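Observations on the three-dimensional arrangement
As a plain string of letters, each chain reads:
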Amino acid sequence: MFVDPALSQTFNYFIAIEVNVSDISVVNQLRSLLNYVQFPYMISNTIEIDSANLTTVCSPNGTGYQCKCEDQLAWSYNTCLTYTSCGNDYNNYSCGCINGLPPDGESCGYIQPTIPPSPPSSATPTPTPSSPTTENSTETNSTTLSPPPSSPTPTPSSPTTENSTETNSTTLSPPPSSPTPTPSFPTTENSTETNSTTLSPPPSSPTPTPSSPTTENSTEANSTTLSPPPSSPTPTPSSPTTENSTEANSTIPPPTPSSATPTPSPTTTEISTETTTPPTTSSAVTPKFQVEMSFKILDTFTTDLLDPTSVKYIKFKDDIQNALTANYQYLPGFLSVIVTGFRAGSVITDFVVNTNNVSDAAIVAANTQIVKDLKIKDYIIDPNSFQALINGTEPFSITPSPVLSGNVMQMNCSPPDAMSVQSVTWKFNNSPLPNSGRYTIINQPPTLVVLNVKTDDSGVYSCVVTDNILTYTHQQVITIQPQPPIINLPLSQIYVRCGNQNIPMKCCVTYSTPGTLQINWLDNSGNQLPSSSDVMLSINERCITYTLPVTQQNCANKKFTCQVMNGKINMTAVAQLNFLAAGALLTCNDPLYGNGTDGSVAVVGCPQNFEGNLTATCINKQWQVADNCVLSVIKQIATESENLTALMVPGIATQLANAVQSNRQQIQDSPATVSAVVNILNKIAEVSKNVTEDVIQNVLETVNILVSPNTTKTWSTLNNNNENKNTSARLLGSMETISGSLAQDYISINKENLNLQKTLFSRNFSTDLNSSHILIPDTGSPNVTAITTIVFTTMNIVLPARNSTETANTTNNTNVINGIVMLVKSDTIVKNVSISFNKQNTSLGNPQCVFWNFTLFGEAGGWDSSGCTVLDDKNDSITCSCNHLTSFSILMSPFIPEAIRILLDFITYIGVSISLLSLVLCLIIEAFVWTVVTKNSTAYMRHVSIVNIAVSLLMADIWFMVGAGISDIGHSTPVGSCTAATFFTHFFYLALFFWMLISALLLLYRMVMVFSDMSKCAMMSIAFTVGYGAPLIIAVITIAVTAPQHGYFRQDSACWLNWAQTKALLAFVIPALTIVAINLLILIVVLVKILMRGVGENRQPEEKNALVVVARCVVILTPLFGLTWGFGIGTMVAPESVGFHVVFAVLNSFQGLFILIFGTLLDSRVRAAIVGRFSFVHTLSGRTRTSSGGASSSSRFSRFRRERRNAYNVSDVAASSQSGASESFINI
């Protein structure tokens, strides 16, 4: 109720408020508060609240919502039918609860009669005629009441048009009180309010005369708009008054009429929910936009166009209103259009379009047709004179909320979606703001970002958006609040031994603006305690102390409250004192955390410039401290970033980088602060879409300090803390996300502990990065690909070395990160990437190529080797190959001592060198004795096999070394040269194995099929076809299939078959291992046959030991059959086994020597042929070259031969041309 002292009049207003809460207890508290307050409640001498009530409470019921009415209120008949009643029915036509939440904010009203609402009949049978008054009111489940005037006989009034759109509300028209209204000048009021009341009190003149047109445009949310008319019992004619009112989500109970004998107003038409007459110019939908428009009629302006009762005014208005409605009704979201008046300047017509959407193209089209329609009625319209101004009603979207001093503030205004924004202007206190310095202006969406706001930035902000014909404007008062004070209690919760002592209770406050700062200690009852000291520690920090006297009789636990008041700010912090009995056994004692027993928890304040607390728990006679102290400036940025948007990122990134640089040492020593900085980086990563170079510069500057070697202890604390052990993973994840959002194509940034590069490439990519090398052989796509790499040189102190083989509760302390950590991000799928790392510690072994898997250990993350393999481990570097892109590194363990590694290198170098010389010597000897030792087909085929084995192995080794030399030329391997080297290496190694297979099959043939014979020509054809034809076919198919995919050879190490991309290496592994397996079976068959032939009476006495025979056979045939390659399986299965590595290195590096010894030199016929070639031993040669059954002139050679004859000699085939001779296949 409002009382105007000047008029001695009283006005009653009804206000509806909608409250959204997440805790139902708040509703109960509000209900109790309303019951507690005594009404009427005086606000001032002229304003009082008569009553306040709750109407509706809506809450979830598991599957939806239920909305219940308070006492004496009910839902309307139609609402109960629409949503169904959930009980508490008052009668057949209303209910107290519905199953649903009305979408338009509808609420309960006062209980209606027990019959459906119907239009009321007139209480006065013969009302006095009045001028036409039309009220077009569209209501949803509401009641429209028009109390009658206090005079029983109202006089005629001029036409009044009221257009009202209401939802869940009541429109009240109090009776006039002024006897004679006087004229007033044209007035236009535009009001935009939220949770407020717009009042238009009656004129103060007791005798008003006809008034000029008055236009009130009001758009409100959760509010009530009341325009009480004059209260005169006998009003005189007045000019037309147009009121456009839009209300939403408000419920107003009907007032009690002031007249003792009310009479229904004959000028009011009530349209209930059952009405069949639709409104003509209004809609039940609240208009989102009110577009104030105008155009120019090329005609002479006359004063009668200012008089709404004149014939010319009425004609103009009717003609133009009809033309506007006929054309604008097809606009998207159109609700209504109203002509509001005319102005001079030719004849300028003003009108308002109510709509939910605005399209400049549609308006332009409608305007063209309006010009044509009015021309037919002799109105000449200037087609270029149409103007439109949209007074925005939607408040700015402001982040953060509230805006505090030092924040980055972002404001968005909301013009119609269909506006094609051409320009955006922001103003502060009517002064245009620049798009530079602290201000950033974005056109789409219209946004203003202000960096480092201050309290001086409080004021009126305006947004003006223009397109072809539309201008959207909205202004709003923005208040920048100062940073709230920070309360620090050095003793928040401690344990004190009971006894006579004085305990100082200190409360320190850090503030940005002192204002009227008051600090007080209060006891548990709220009584103020005296301060023993009040000290200013700095210009923005003040401490007060209350000294608590403690006696033996006063040892009950106590709570004290530090209260801080600064203007409207009222903050508190509570300190808890717990007393221990005098005889209690104290297990923990510390000057800072005090005394305690096992399980005691002490909480103390943080150091200066930090917020939070230090929480200590007494465990095993020691205080275990959890540091929750965050640097105040970082805490401020963290709070600000909670509602971070993409447009705020540059400002936040700059603030963060500056804060971290200015407080480097404090941050590096604080685990909680490091964790808070990582959280801010996560926020930046989440909202960033196009990261500029300035932003990434600031981010990298921040991360560079976080991963500094000075943070080693801090990261160790975080990684060992269950609550924060994923902090390092979140840091890496943030950098991965940000690196994939860089806006520029080429960026190179180097910092002390990391460097970033982004570039574009097509198909393949290769580059050196800080002692590492990355190679992407082929993306499989001809399109240009963007790749971003970040190399962390100190990430080994940040990321723990836990890997996927560990459990969640164990840690493998032997694993270490033995290289840089490289992050690789590409905008396309890359199936193969090879990375070379330099080892940081060369004494470690068992390397593992790993990537960081964020899903391990309950999202804490860990290293995973899935999809990654070690391609090369030589000297001081490791080459890894992975089939995906992420963050890579190498894990190594100290299983292989450096001495063994040097020994293996020594064995390999010496063995290969000796093998090459041995193979050359073997071929020379074979050529030297060829005609002597190949006189029959069996010996011929045996030596053909040995020669081709030696040639294949020699050529394979030579080509492999050539390939290694080519790959060592540079990181970019020549495709043609490496392809040739890989092909010939593959071909000759396959030929080696196939000729070893031929040798084994020939032995099996002579051992098993003794009486069978095959011509030399046939055996040669089969041998060369299999020995070289099969390898050639396999090699050609391999290169034909994999070369077009750029996956034939490894481009990151020696030229050899690719594995990671095309698995071309299987074209060698499968045939080789298959031949090894076949030769092993043949060896077993040969051994069985030899043992069987050795049983009988004619055995030599020295050969009766079968184990000796088998051992000699295995030793001689193993290198010739290639069985030594089988030890390579052991090095793959157990790479940490020293024995496997040494044995494999010895046997295979010396394979050429073994072929020379066991394939050539131990053959008695070869030795005899060598001796026979020298003239000075011709006679000896003739005597020693005998048949298998003859005696030898040399007992040494004879005995040597007899020891082996039964094991290796194969009888001649009966049909042989050398009948009667016994030829040896392996005659040694």
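Note that residues are indexed from 1 along each chain, following the sequence as it is written. In keeping with the model being predicted, local features are shown solely for residues with a pLDDT of at least 70 and side-chain atom pairs are shown and tallied solely at 80 or more, while totals for entire chains, interfaces and linings include all residues. Here the side-chain values reflect all heavy atoms present in the structure, with hydrogen atoms and water set aside.

This next bit is on the overall build of the chain. Only DSSP runs of H or I reaching four residues or more are called helices, and only runs of E reaching two or more are called strands; each is numbered from the N terminus. Summing up its helical and strand segments, the chain has 24 helices and 63 strands in all. Going through the 1228 residues of the chain one by one, you find that 48% of them count as buried. For the chain, contacts bridging at least 24 residues in sequence account for 70% of all contacts bridging at least 6. Total accessible area on the chain stands at roughly 56,800 Å², and carbon and sulfur atoms take up 57% of it. Relative accessibility under 20% of the residue-type maximum defines a buried residue, over 50% an exposed one, and the middle range a partly exposed one, all with a 1.4 Å probe and only protein chains included. Residues count as neighbours in contact if any of their non-hydrogen atoms are within 4.5 Å of one another. What sets the accessible areas is the Shrake-Rupley method with a 1.4 Å probe; for residues, cover comes only from the shown protein chains.

All right, on to helix α11 (residues 727–739) then. A helix is expected to span 1.5 Å for every residue after the first. With 13 residues, α11 extends 18 Å from end C-alpha to end C-alpha; this agrees with the ideal 18 Å at 1.5 Å per step. Counted residue by residue, α11 has 12 buried out of 13 residues, so it is predominantly covered. Turning to α11, its buried residues are Thr727, Ser728, Ala729, Arg730, Leu731, Leu732, Gly733, Ser734, Met735, Glu736, Ile738 and Ser739.

The next subject is the sheet that holds strand β33 (residues 486–488). Any two strands with at least two DSSP bridges between them are considered paired. As summarised here, the arrangement of the 4 strands in space is β33-β35-β39-β38, forming an open sheet in which the pairing is antiparallel. This sheet does not close on itself; its edge strands, each paired only once, are β33 and β38 (533–538). Neighbouring strand axes in the sheet, compared pairwise and without regard to direction, differ in orientation by 25° on average. Sheet topology places strand β35 (residues 501–510) next to strand β39 (residues 541–550); 10 bridges connect them, and they run antiparallel. Bridging from a neighbouring strand, Lys506 pairs with Thr545 of β39. Note on definitions: angles span 0 to 180 degrees between N-to-C directions of axes, and those axes are lines fitted to C-alpha atoms, for helices only across the stretch in contact.

With that out of the way, let us pick up the sheet that holds strand β30 (residues 447–450). As summarised here, the arrangement of the 4 strands in space is β25-β26-β30-β29, forming an open sheet in which the pairing is antiparallel. The sheet is open, and its two edges are formed by β25 (397–399) and β29 (439–442), each paired on a single side. Put simply, the sheet's adjacent strands are angled 15° from each other on average, direction ignored.

With that settled, the discussion passes to the state of the cysteines. What counts as a disulfide here is a pair of cysteine sulfur atoms lying within 2.5 Å. Scanning the model with the defined rule gives 13 disulfides in all. Each sulfur in the disulfide pair Cys498 and Cys555 lies 1.6 Å from the other. Because the torsion about its S-S bond is 80°, the bridge between Cys498 and Cys555 counts as right-handed. With Cys498 in the loop between β34 (491–497) and β35 and Cys555 in the loop between β39 and β40 (558–566), this residue pair connects regions lying 57 residues apart in the sequence. Cys606 shares a disulfide with Cys629; S-S distance 2.0 Å. Taking the sign of the S-S torsion, about -90° here, the bridge from Cys606 to Cys629 comes out left-handed. Remark: Cys629 occurs in the loop between β47 (622–627) and β48 (630–631) and Cys606 occurs in the loop between β44 (601–604) and β45 (610–611); sequence separation between them is 23 residues. When sorted by exposure, Cys606 lands in the same class as Cys629, which is buried.

Classification of ring pairs uses Phe, Tyr and Trp, with its six-membered ring standing for Trp, and accepts pairs whose centres are within 6.5 Å; under 30 degrees between planes counts as stacked, over 60 as edge-to-face, and the remaining range as tilted. Evaluated as defined, the whole model comprises 26 aromatic pairs. An angle of 40° between the planes, with centres 5.1 Å apart, marks the rings of Phe295 and Phe386 as tilted. Here Phe295, found in strand β21 (residues 289–297), pairs with Phe386, found in the loop between α4 (360–376) and β24 (387–391); they are 91 residues apart in sequence, far enough to count as distant. Taking 6.3 Å as the distance between ring centres and 75° as the angle between the ring planes, the aromatic pair formed by Tyr989 and Trp1056 counts as edge-to-face.

As a further point, take unusual backbone geometry. At the junction of Thr399 and Pro400, the peptide bond is cis and its omega measures out at -5° in the coordinates. Counting through the fold element by element, Pro400 comes out in the loop between β25 and β26 (409–412). In the segment running from Gln444 into Pro445, the intervening peptide bond is cis, with an omega of -5°. By secondary structure assignment, the location of Pro445 is in the loop between β29 and β30. Positive phi outside glycine occurs at Thr84, with the angle close to 65°. Notably, Asn609 is not glycine yet its phi reads approximately 75°, a positive angle. If you trace the backbone, Asn609 turns up in the loop between β44 and β45.

Further remarks concern the pattern of salt bridges. The salt bridge definition used is simple: a Lys or Arg side-chain nitrogen within 4 Å of an Asp or Glu carboxyl oxygen. Counted by the stated rule, this structure contains 7 salt bridges. Two residues, Lys315 and Asp319, come together in a salt bridge whose shortest N-O distance is 3.0 Å. Placement of both Lys315 and Asp319 in helix α3 (residues 311–328) is noted, with a separation of 4 residues, approximately one turn of the helix. With relative accessibility at 44%, the residue Lys315 sits in the partly exposed group. Here the residues in one salt-bridge network are Lys315, Asp319 and Lys377, joined through shared partners.

This next bit is on the nonpolar core. Residues grouped as a nonpolar core are buried Ala, Val, Leu, Ile, Met, Phe, Trp, Tyr and Cys residues, joined through side-chain atoms within 4.5 Å. Ranked by size, the top nonpolar core spans 94 residues in total, and within it Trp521, Ile634, Leu731 and Phe792 carry the most contacts. Ranked by the residues each element gives to this core, the list is headed by helix α8 (residues 671–687), at 10 residues. Among all residues touching Phe792, those that are not within four sequence positions of it are Val703, Leu732, Met735, Asn753, Leu754, Ile820, Val821 and Leu823.

Here α3 spans 25 Å end to end across 18 residues, near enough to the 26 Å set by a 1.5 Å rise per residue. Of all the residues in α3, the buried ones are Tyr313, Phe316, Asp319, Ile320, Gln321, Ala323, Leu324, Asn327 and Tyr328. Along its buried surface, α3 packs onto β21, β22 (334–344), β23 (347–355) and α4.

What follows deals with the confidence of the model for the chain. Values of pLDDT, the confidence the predictor places in each residue, fall between 0 and 100. Across the chain, the average pLDDT comes to 74, with 72% of residues at or above 70. At the level of individual helices and strands, the chain shows its lowest average pLDDT in strand β62 (residues 1209–1211), which scores 30, and its highest in helix α9 (residues 693–706), which scores 94. When the criterion is pLDDT under 50, residues 112–284 qualifies, and its contacts beyond four places in sequence or with other chains add up to 371 contacts. Below pLDDT 50 for its whole length, residues 1175–1228 participates in 88 contacts with residues either more than four positions away or in separate chains.

Position of Val535 among the secondary structure elements: in strand β38. We classify Val535 as partly exposed; its relative accessible area is 38%. Put simply, Val535 and Thr545 are 10 residues apart on the chain and 8.7 Å apart in space, counted from C-alpha to C-alpha. With residues near it in sequence (within four places) discarded, Val535 still touches Glu541, Arg542 and Cys543.

Attention now moves to the environment of Ile569. You can see Ile569 is positioned in strand β41 (residues 569–580). In this structure, the C-alpha to C-alpha distance between Ile569 and Leu517, residues 52 residues apart in sequence, is 9.4 Å. What Ile569 contacts, discounting residues up to four positions off in sequence, is Pro484, Pro485 and Val564.

Where α9 contacts α11, the two axes come as close as 12 Å, and the packing angle between them is 160°. Taken together, α9 and α11 sit at an angle that is classed as roughly antiparallel. The handedness of the crossing between α9 and α11 is left-handed. Across from Ile696, Val699, Leu700, Val703 and Leu706 in α9, the residues of α11 making contact are Leu731, Met735 and Ile738. In this classification, Asp, Glu, Lys and Arg are treated as charged, Ala, Val, Leu, Ile, Met, Phe, Trp, Tyr, Cys and Pro as nonpolar, and every other residue, Gly included, as polar. Along the lines of polarity and charge, the residues of the contact of α9 with α11 split into 8 nonpolar, no polar and no charged. We call two directions roughly parallel when the angle between them is under 35 degrees, roughly antiparallel when it is over 145, roughly perpendicular when it lies between 65 and 115, and oblique otherwise. Each helix crossing is assigned a hand: it is left-handed if the near helix lies turned anticlockwise from the far helix by less than a right angle, otherwise right-handed if that turn is clockwise.

This brings us to a nonpolar patch on the surface. A surface patch of nonpolar side chains, about 450 Å² in accessible area, is lined by Ile15, Ile17, Val19, Val21 and Val26. With respect to the helices and strands, Ile17 occurs in the loop between β2 (9–11) and α1 (24–36). A residue counts toward a patch only above 30% relative accessible area and without a salt bridge, and it is joined to like-charged neighbours within 9 Å or, for Val, Leu, Ile, Met, Phe, Trp and Tyr, to nonpolar neighbours within 5 Å.

So, on to the environment of Val824. Along the chain, Val824 turns up in strand β55 (residues 821–826). Residue Val824 is classed as buried on the basis of its relative accessible area of 1%.

Moving residue by residue along a regular strand, the side chains alternate between the two faces of the sheet. Only one face of strand β49 (residues 747–750) is buried, namely the one carrying Ile747 and Ile749, since none of Ser748 and Asn750 on the opposite face is buried. Following β49, the chain reverses through 3 residues before pairing antiparallel with strand β50 (residues 754–762).

Here we take up the packing of helix α6 (residues 649–662) against α9. Running from N to C, α6 and α9 point in directions that differ by 30°, and their axes come no closer than 9 Å. Viewed along their axes, α6 and α9 adopt a mutual orientation that is roughly parallel. Between α6 and α9 lies a crossing of left-handed hand. Of α9, the residues touching α6 (which contributes Val649, Pro650, Ala653, Thr654, Leu656, Ala657, Val660 and Gln661) are Val695, Asn698, Glu701, Thr702 and Ile705. Split by residue class, the contact of α6 with α9 holds 8 nonpolar, 4 polar and 1 charged.

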